[in-house]
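Here are the chains, one letter per residue:
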Amino acid sequence: QVQLVESGGGLVQAGGSLRLSCAASGRTFSDYSMGWFRQAPGKGRELVAAATWSNGYTYYADSVKGRFTIFRDNAKNTMYLQMNSLKPEDTAVYYCAADKTWIPVVAGTAAYWGQGTQVTVSS
């Protein structure tokens, strides 16, 4: 059974940093496209960052460019989202997603999803 499990969320002050992890099990995701989404209360789900490591392509939402970095450790079958200079508007539940190809990830229709981890940024 394929599973994605997020961790690393929490409460942090504005300007602080957090690193989210997305641990994959059930198969190797080294050749998959993967991404991070977030959903704030009362808002729709937003693609924050995505990457397909087969060709080195990455995407970042304008709101997080220069502050967030998506990367992964194939040996650990884990993807990460390093979040720096956090702002109160970054407060949301963050989800990781994975799919064999790029389009489903960026379209939000990826085959695999984690359960989410809460990030709260206080002002």
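Residues numbered from 1 in each chain as written. Predicted model: local features only at pLDDT ≥ 70, side-chain atom pairs only at ≥ 80, totals over all residues. Heavy atoms only, no water.

Trainee: I'd love a proper account of the pattern of salt bridges, names of residues and values included.
Mentor: Evaluated as defined, the whole model comprises five salt bridges. Close ionic contact of lysine 65 with aspartate 62 constitutes a salt bridge, the shortest N to O distance being 3.2 Å. Among the residues examined, aspartate 62 registers a relative accessible area of 66% and is labelled exposed. Linking arginine 67 and aspartate 90 is a salt bridge whose minimum nitrogen-to-oxygen distance equals 2.8 Å. One end of the pair, arginine 67, is in the loop between strand E6 (57-60) and strand E7 (68-73); the other, aspartate 90, is in the loop between strand E8 (78-83) and strand E9 (92-99), with 23 residues separating them in the sequence. Per residue, the accessibility class of arginine 67 equals that of aspartate 90, and both read buried. Each of Arg38, Glu46, Arg67 and Asp90 takes part in a single network of salt bridges with overlapping partners. (Salt bridge = Lys/Arg side-chain N within 4 Å of Asp/Glu carboxyl O. Buried < 20%, exposed > 50% of the residue type's maximum accessible area, 1.4 Å probe, protein only. Helix = DSSP H or I, 4+ residues; strand = E, 2+ residues; numbered from the N terminus.)

Trainee: If you had to explain the layout of surface pockets to someone new, which residues and values would you point to?
Mentor: Roughly 200 Å³ of internal volume is contained in the largest pocket. Lining the largest pocket are 15 residues; nearest its centre among them are Arg38, Ala40, Lys43, Glu46 and Glu89. Of the residues that constitute the lining of the largest pocket, the class distribution is four nonpolar, four polar and seven charged. (1 Å grid on protein atoms, 1.4 Å probe; cavity = no way out; pocket = protein on both sides within 12 Å on 5 of 7 lines; lining within 4 Å. Points joined across faces, edges and corners; volume = space filled by probe spheres on them. Nonpolar A, V, L, I, M, F, W, Y, C, P; charged D, E, K, R; others polar.)

Trainee: Tell me about empty space enclosed by the protein, and name the residues and values.
Mentor: Going through the model one piece at a time under the given rule, you end up with one cavity of 30 Å³ or more. The computed volume of the largest cavity comes to approximately 40 Å³. Every residue along the wall of the largest cavity is listed here: Cys22, Ala24, Phe29, Ser30, Met34, Arg72, Asn74, Asn77, Thr78 and Met79. Contributing elements (two or more residues each) for the lining of the largest cavity: strand E3 (18-25) and E8. The class makeup of the residues in the lining of the largest cavity is five nonpolar, four polar and one charged.

Trainee: Can you lay out the nonpolar core for me, pointing to particular residues and giving the numbers?
Mentor: Note on soluble globular proteins: their nonpolar side chains tend to be buried together. Grouped together as the largest cluster of nonpolar side chains are 29 residues, with contacts concentrated most on Leu81, Met83 and Tyr94. If you list the elements that add at least two residues to this core, you get E3, strand E4 (33-39), strand E5 (45-52), E7, E8, E9 and strand E11 (117-122). Sequence-distant contacts of leucine 81, that is, excluding residues within four places in its chain, are made with Leu18, Arg19, Leu20, Trp36, Val48, Ala49, Phe68, Thr69, Ile70 and Tyr94. Judged by nonpolar contacts, the second largest core, of seven residues, contains Phe37, Leu47, Ala50 and Val105. (Core = buried A, V, L, I, M, F, W, Y, C linked by side-chain atoms within 4.5 Å. Contact = heavy atoms within 4.5 Å.)

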